[in-house]
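Here is how the chains run, residue by residue.
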Number of protein chains: 2
Amino acid sequence: MFSVSARTQYGIRALAYLARTPGWEAIGAQIAEAEGISPKYLEGILTRLATAGLVRSERGKNGGYRLAKPPGGIVMAEVVAALDGEVRPVDCVDSLGICDHDSSCRSRRFWIGLKFAIDEYLGNRTLADIIEEGADPVSTR
Amino acid sequence: MFSVSARTQYGIRALAYLARTPGWEAIGAQIAEAEGISPKYLEGILTRLATAGLVRSERGKNGGYRLAKPPGGIVMAEVVAALDGEVRPVDCVDSLGICDHDSSCRSRRFWIGLKFAIDEYLGNRTLADIIEEGADPVSTR
DNA sequence: CTTTTTCCTATCGGGATAATAGGATTATAT
DNA sequence: ATATAATCCTATTATCCCGATAGGAAAAAG
Ligand code: FES
Ligand code: FES
């Protein structure tokens, strides 16, 4: 239950790799090789991250990828949203009229509450928490 | 992302129905009819809930289903676990040796932290929070 | 104008989910 | 006993999403 897609896990590994690689030197094939990810599949992942404004890409010779912001500015909620979409336990979270129930539906509020709990966790942690040694990201801050 | 299966949503609706139906009078086909769920599919759901000790079933004539505990004793974490398994963002949450990383892997701790956040939400809410009017289950208690 | 790299589109296989089907079991009621 | 009414059990299907793959188009550098 609530398992994370390989796409998101790959994306985080790629981001962590970029955080260790300054400049434009990180090439897609290089990251795939180092992290053991299918190169072509990784392309789509990096494109999503670029579209979301988390990485910058440059094509042509001497092109490649780099982080668009320092690791501390890359919020994990954005990463997850870019790769697997917004946290949405049930479809009626943001668009009513799907279920035949009304807006006061108790189940709906229950799931929205879960969404808030997840968003709060993901929104308060950044890539820096994952790559840096030291503080434990599990503990509430 | 983090969407809930129809199975779990059906299960919650069935539980809510049982909470409104005293005694052994709740028959599978009846619940399915009232909640608009495929009868045969609902059977499997109720079996899971029974195996988990959340509902009791009696077969034969005059048989049916009823809650095994009062709604306030049915923790939503148990419901979710019974229908879709334990909260497990990544497989290495409880069994190491899957990823080629070691136990100090930062990503792993990050996901375990998310698991704790989700489990805390689901563990502190019961069926009573869903069926009862009044307090908003979204707010932290 | 050749090389290197990202970008775009299309396809494919596997696995899980939701649903369906048919019957076997169990208990009640007459 | 026997008919009835219900849960239980096993197997099958249809569909969708994901992870992966493929081939090439566009762009930037030298
Ligand atoms: S309105 Fe969507 S679950 Fe009730
Ligand atoms: S050990 Fe599983 S993600 Fe690192």
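Our subject is the structure that appears above.
Residues numbered from 1 in each chain as written. Chains lettered and ligands numbered in written order. Predicted model: local features only at pLDDT ≥ 70, side-chain atom pairs only at ≥ 80, totals over all residues. Heavy atoms only, no water.

Participant: Hey, could you run me through the packing of aromatic side chains in this one?
Facilitator: Two aromatic rings are characterised by how far apart their centres lie and by the angle between their planes. Considering all chains together, one arrives at seven aromatic pairs over all chains under this definition. Both rings, one in Tyr10 of chain B and one in Tyr41 of chain B, keep their centres 6.1 Å apart while their planes meet at 85°; by these two values the pair is edge-to-face. Residue Tyr10 of chain B is found in helix 1 (residues 6–20), and its partner Tyr41 of chain B is found in helix 3 (residues 39–51); the two are separated by 31 residues along the sequence. By relative accessible area, Tyr10 of chain B is classed as partly exposed at 21%. Ring-pair connections join several aromatic residues into one group, and the members of that group are Phe110 and Trp111 of chain A together with Tyr121 of chain B. (Phe/Tyr/Trp six-rings, centres within 6.5 Å; stacked < 30°, edge-to-face > 60°. Helix = DSSP H or I, 4+ residues; strand = E, 2+ residues; numbered from the N terminus. Buried < 20%, exposed > 50% of the residue type's maximum accessible area, 1.4 Å probe, protein only.)

Participant: Explain the protein's contact with DNA strand D to me, please; I cannot follow it from the model alone.
Facilitator: Neighbouring residues of DNA strand D: 22 residues in total, closest Ala6, Lys40 and Arg59 of chain A together with Gly28 and Ser57 of chain B. The sugar and phosphate moieties of DNA strand D supply 68% of its atoms located within 4 Å of the protein. Contacts to DNA strand D include Ala6 of chain A, whose backbone N or O atom sits 2.7 Å from a phosphate oxygen. A per-class count over the surface near DNA strand D returns five nonpolar, eight polar and nine charged. (Near = heavy atom within 4 Å. Polar contact = N/O pair within 3.5 Å; in protein donor to acceptor, adjacent residues only side chain to side chain. Nonpolar A, V, L, I, M, F, W, Y, C, P; charged D, E, K, R; others polar.)

Participant: I'm lost on the interface of chain B and chain A in this one. Help?
Facilitator: Interface size is commonly expressed as the accessible surface area that is lost when the partners come together. Every contact between the two is made by 40 residues of chain B and, on the other side, 40 residues of chain A. Summing both partners gives a buried area of about 3600 Å² for chain B against chain A, and 70% of it is carried by carbon and sulfur. For chain B, the biggest contributors to the area lost against chain A are Met1, Arg106 and Phe110 of chain B; these three give 24% of the whole. At the junction of chain B and chain A, the tally comes to zero salt bridges. Put simply, the parts of the chain that give the side of chain B that touches chain A at least two residues each are helix 1, helix 4 (76–84), helix 5 (106–123) and helix 6 (127–131) of chain B. Ranked by residues supplied to the side of chain B that touches chain A, first place goes to helix 5 of chain B with 12 residues. Tallied by class, the residues present in the side of chain B that touches chain A amount to 21 nonpolar, eight polar and 11 charged. (Contact = heavy atoms within 4.5 Å. Buried area = accessible area lost by both parts, 1.4 Å probe. Salt bridge = Lys/Arg side-chain N within 4 Å of Asp/Glu carboxyl O.)

Participant: Explain the pattern of salt bridges to me, please; I cannot follow it from the model alone.
Facilitator: Side chains bearing opposite charge may pair, as long as their charged atoms lie close to each other. All names here are of chain A. The full count for this structure, using the stated rule, is 12 salt bridges over all chains. For Arg20, the salt bridge goes to Glu35, with nearest N and O atoms at 3.5 Å. Note that Arg20 is positioned in helix 1 (residues 6–20) and Glu35 in helix 2 (residues 28–35), a separation of 15 residues in sequence. One continuous salt-bridge network, built from bridges that share partners, spans Arg13, Arg20 and Glu35.

Participant: Sorry, what's going on with the relation of the copies chain B and chain A here?
Facilitator: Mapping between the two chain copies consists of a rotation about an axis together with a translation along that axis. Overlaying chain B with chain A gives an RMSD of 0.1 Å, the required rotation being 180° about an axis along which the chain moves by 0.0 Å. The transformation relating the two chain copies, once decomposed into turn and shift, fits a two-fold axis. Residue Phe2 of chain B, judged by its C-alpha, is the member of chain B lying nearest the rotation axis, at 2.6 Å. Residue by residue, 100% of the interface of chain B is reproduced at the interface of chain A, so both copies engage with the same surface. (Least-squares fit on C-alpha atoms with pLDDT ≥ 70 in both.)

Participant: Any chance you could explain the environment of Gly23 of chain B here in plain terms?
Facilitator: All names here are of chain B. The residue Gly23 is located in the loop between helix 1 and helix 2 (28–35) in this model. Separated by 43 residues in sequence, Gly23 and Arg66 have C-alpha atoms that sit 6.5 Å apart. Not counting residues within four places of it along the chain, the set of residues in contact with Gly23 comprises Tyr65 and Arg66.

Participant: What exactly am I supposed to notice about the protein's contact with DNA strand C here?
Facilitator: Gly28 and Ser57 of chain A together with Ala6, Lys40 and Arg59 of chain B are the nearest of the 23 residues found near DNA strand C. Taking all atoms of DNA strand C within 4 Å of the protein, the share assigned to sugar and phosphate is 68%. Residue Lys40 of chain B places a side-chain N or O atom 2.5 Å away from a base oxygen belonging to DNA strand C. Here Tyr41 of chain B contributes a side-chain N or O atom positioned 3.1 Å from a phosphate oxygen of DNA strand C. When contributions to the surface near DNA strand C are tallied by element, the ones reaching two or more residues are helix 3 (39–51), strand 1 (55–58) and strand 2 (64–67) of chain A together with helix 1 and helix 3 of chain B. Partitioned by chemical class, the residues of the surface near DNA strand C number five nonpolar, nine polar and nine charged.

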